Amino acid sequence: MSTATPESAPLTQTAIEQEYDAIHLAFENIKLKHRADLGTKDVEHITSMRRYSRIFEVIGRSLICVLPGPLALIGVPFLFLHRNIEAIEIGHNVLHGQYDSFESIPQFHSRKFRWKAPVDEISWRQEHNGVHHVHTNVYEKDPDLNHGFLRVNDQVPHTRLHYFQLPIYLFLFYPIMLYNFNAQNLGAVDKFRERNFPLGNKGYAVLDDNLRLSDADVKKRHRRAVWRIWAKEYVFFPLLSLVAGFGFFKVFLANLLADVLNNYWIALTIQATHFTEPLQPDDAVNNKGKWYVSQLDSSVNFKGNRWQSILWGHLNYQVEHHLFPDIPAHRYPDMALEVQAVCQQYNLPYKCNHSWRQAIGKFVGVMWRYSFKDTASQPTQTAFLNKGVSDVK
């Protein structure tokens, strides 16, 4: 697509609608092609991920338990790999329904799955799948634009707390990011902003009333999600080690380190793929072609090899994930080539950072920039859909 100029003949409304219909059809064809190809290799992928996860867990917990003193740290990377694979390559993707169609693996069906992370599955599906993935980067509709009180655009009212958002997030929130996700999904963060910000939730997405739970239910779900992790990591395995004669605190601290590393890794992976991109028009959801374009424009990838992509849960292919969230994520590297071909055909945005480091640097820069009140002198990005009437090349 190319933006119409004053000298060019204006497109009729019918022509514009036909162009967006063609874009919609092009992406739908990619999705239908891969959906028709679902089969053994997808089952093998997710079951092999669980197998690797268990192997890493056994190695990690054994080394942490039996090795003396600081040598126990050798087991932490293995335990981290277990926690990481379970959280994003398995858990996040399974809860998107990517494996719901496979009768042979009911343990990986989204509505039966129990996440090995401190997150309530029902609330996650409702808020993350049903809101964030529908209204991506839409002001006051996408909860993942904020993750608490974060300010990453100049439309969010500035408060004194925002001056300190960079160190607060990097050193206090990111080490417990998954726990923060759970509070957000359950609507607890809305109440914090309402109590502590002068304008309450102005500028932030809040949980829909039809999804809101009673205070008692929020506490119950939050405790249940958190304590199933704490009971395992900070009670059961340390006590087991103590009974076996290897000590309690060594295992407790090693498990804590693996937990913090996993939370940091996930936070830096997820937050590097949306914050740097422009806000989207809230009516894009009303047109399937425009919605696809808004997903392209609100997401950015970063490069990595196949094994790195597994450790990122394939969220380094954020563009493909937002176009096709219910297609098994291990297919995204191949789908990316097809998506790029469509983007080239219609001159649509397709964004990719050269590395994870570059992606992190950019979003940390955005966090720093919007820590300050006066950002009017700095350029802001315009959504692709708001740049003018477009036509196919």
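Being a predicted model, the structure only gives us computed values, none of them experimental.

With that settled, consider the overall build of the chain. Across its full length, the chain carries 14 helices and four strands. Against the compact-globule benchmark of 21 Å for 393 residues, the chain has a radius of gyration of 22 Å, which places it among compact chains. Principal-axis analysis of the C-alpha atoms gives the chain an extent of 80 × 55 × 40 Å. In the chain, which comprises 393 residues, the share counted as buried stands at 54%. The long-range share in the chain, meaning contacts at least 24 apart out of those at least 6 apart in sequence, stands at 71%. With the model as given, the accessible surface of the chain reaches about 18100 Å², and the carbon-plus-sulfur share is 60%. Computed over 42 positive and 38 negative side-chain charges, the inter-centroid distance for the chain is 7 Å.

One non-glycine residue, Asn137, adopts positive backbone phi at about 60 degrees. For Asn137, the position within the fold is in the loop between helix 4 (121-132) and helix 5 (165-173). A positive phi is found at Glu140, a non-glycine position, where the angle reads about 65 degrees. For Glu140, the position within the fold is in the loop between helix 4 and helix 5.

Looking now at the nonpolar core. Formed by 52 residues in total, the largest nonpolar core has its most connected members in Ile90, Phe108, Trp115, Tyr174 and Phe363. Secondary-structure elements contributing two or more residues to this core are helix 2 (40-66), helix 3 (76-94), helix 5, helix 6 (177-185), helix 9 (249-270) and helix 14 (356-369). A per-element tally of this core places helix 14 first, with six residues. Ignoring anything within four residues of it in the chain, the contact list for Phe363 reads Tyr174, Leu268, Gln271, Ala272, Phe275 and Thr276.

All chains considered together, the criterion is met by 21 salt bridges. Where Glu338 meets Lys33, a salt bridge forms, and the shortest distance between an N and an O atom there is 3.3 Å. Of the two residues, Glu338 is situated in helix 13 (residues 332-346) and Lys33 in helix 1 (residues 13-36); the sequence distance between them amounts to 305 residues. Ionic pairing is found between Asp190 and Arg212, a salt bridge with its closest N-O pair at 3.0 Å. Residue Asp190 is located in helix 7 (residues 188-196), and its partner Arg212 is located in the loop between helix 7 and helix 8 (215-243); the two are separated by 22 residues in the primary sequence. On the basis of relative accessibility, which here comes to 30%, the residue Arg212 falls in the partly exposed class. Within this structure, Glu57, Arg61, Arg83, Lys232, Glu233 and Asp259 form a network of salt bridges that share partners.

Moving on to the environment of Arg224. By the element assignment, Arg224 lies in helix 8. Taking the C-alpha atoms as reference, Arg224 lies 30 Å from Gly203; in sequence the two are 21 residues apart.

With 29 residues, helix 8 should reach 42 Å at 1.5 Å per residue; the first-to-last C-alpha distance of 39 Å fits that figure. Of all the bends in helix 8, the largest measures some 35 degrees and sits at Ala231. Burial in helix 8 covers these residues: Val218, Arg221, Ala225, Val226, Ile229, Glu233, Tyr234, Pro238 and Ser241. Looking at the packing, one finds that the buried side of helix 8 touches helix 2, helix 3, helix 4, helix 6 and helix 9. Positioned one or two residues after helix 8, Gly245 has a phi angle of 90 degrees, which is positive.

Glancing now at the environment of Ala383. Residue position: Ala383 is located in the loop between helix 14 and strand 4 (390-391). Classification of Ala383 as buried rests on a relative accessible area of 2%. Separated by 106 residues in sequence, Ala383 and Glu277 have C-alpha atoms that sit 8.4 Å apart. With sequence-adjacent residues up to four places away left out, Ala383 is seen in contact with Pro278, Leu279, Gln280, Pro281 and Asp297.

The subject of this paragraph is the packing of helix 4 against helix 6. Following both chains from N to C, one finds helix 4 and helix 6 inclined at 75 degrees, their axes separated by 9 Å at the closest point. Classified by the interaxial angle, the pair formed by helix 4 and helix 6 is roughly perpendicular. For the pair helix 4 and helix 6, contact is made by Ser123, Trp124 and Glu127 and by Phe181, Gln184 and Asn185, respectively. The residue makeup of the contact of helix 4 with helix 6, split by class, is two nonpolar, three polar and one charged.

Before going further, it helps to spend a moment on the packing of aromatic side chains. Going through the model one piece at a time under the given rule, you end up with 28 aromatic pairs. Clustering of aromatic rings is evident, with ring pairs tying together Phe149, Tyr169, Phe173, Tyr174, Phe192, Phe197 and Tyr204. The ring of Phe237 is capped by Arg61, whose NZ or CZ atom sits 3.9 Å from the centre of that ring.

As a further point, take the confidence of the model for the chain. The predicted model of the chain averages 92 in pLDDT, with 94% of residues at 70 or higher. This model gives residues 389-393 a pLDDT under 50, and the stretch forms 23 contacts once residues within four places in sequence are excluded.

Let us now look at a nonpolar patch on the surface. Taken together, the side chains of Trp227, Trp230, Val235, Leu239 and Leu242 define a hydrophobic patch exposed on the protein surface, amounting to about 460 Å² of accessible area. Overall, the relative accessible area of 35% leaves Val235 in the partly exposed class.

What the rule picks out here adds up to zero disulfides. This cysteine, Cys352, is not joined by any disulfide, and Cys343 carries the nearest cysteine sulfur, 12 Å off.

Looking now at the side chain of Gln184. Relative to the assigned elements, Gln184 resides in helix 6. For Gln184, the contacting residues outside a window of four places in its chain are Glu127, Pro143, Asp144, His147, Gly148 and Val189.

Rules behind the numbers
- Residues numbered from 1 in each chain as written.
- Predicted model: local features only at pLDDT ≥ 70, side-chain atom pairs only at ≥ 80, totals over all residues.
- Heavy atoms only, no water.
- Helix = DSSP H or I, 4+ residues; strand = E, 2+ residues; numbered from the N terminus.
- Rg over C-alpha atoms; globule rule 2.2 N^0.38 Å.
- Buried < 20%, exposed > 50% of the residue type's maximum accessible area, 1.4 Å probe, protein only.
- Contact = heavy atoms within 4.5 Å.
- Areas by Shrake-Rupley, 256 points an atom, 1.4 Å probe, with all protein chains shown as cover.
- Lys, Arg positive; Asp, Glu negative; His and termini not counted.
- Charge placed at Lys NZ, Arg CZ, Asp CG, Glu CD.
- Core = buried A, V, L, I, M, F, W, Y, C linked by side-chain atoms within 4.5 Å.
- Salt bridge = Lys/Arg side-chain N within 4 Å of Asp/Glu carboxyl O.
- Expected span 1.5 Å × (residues − 1).
- Bend = angle between axes of the 7 residues up to and from the residue.
- Axes fitted to C-alpha atoms, helices over the stretch in contact; angles between N-to-C directions.
- Parallel < 35°, antiparallel > 145°, perpendicular 65-115°, else oblique.
- Nonpolar A, V, L, I, M, F, W, Y, C, P; charged D, E, K, R; others polar.
- Phe/Tyr/Trp six-rings, centres within 6.5 Å; stacked < 30°, edge-to-face > 60°.
- Lys NZ or Arg CZ within 6 Å of the ring centre and 35° of its normal.
- pLDDT = per-residue confidence, 0-100.
- Patch = residues over 30% accessible without salt bridge, like charges linked within 9 Å, V, L, I, M, F, W, Y side chains within 5 Å.
- Disulfide = S-S within 2.5 Å.

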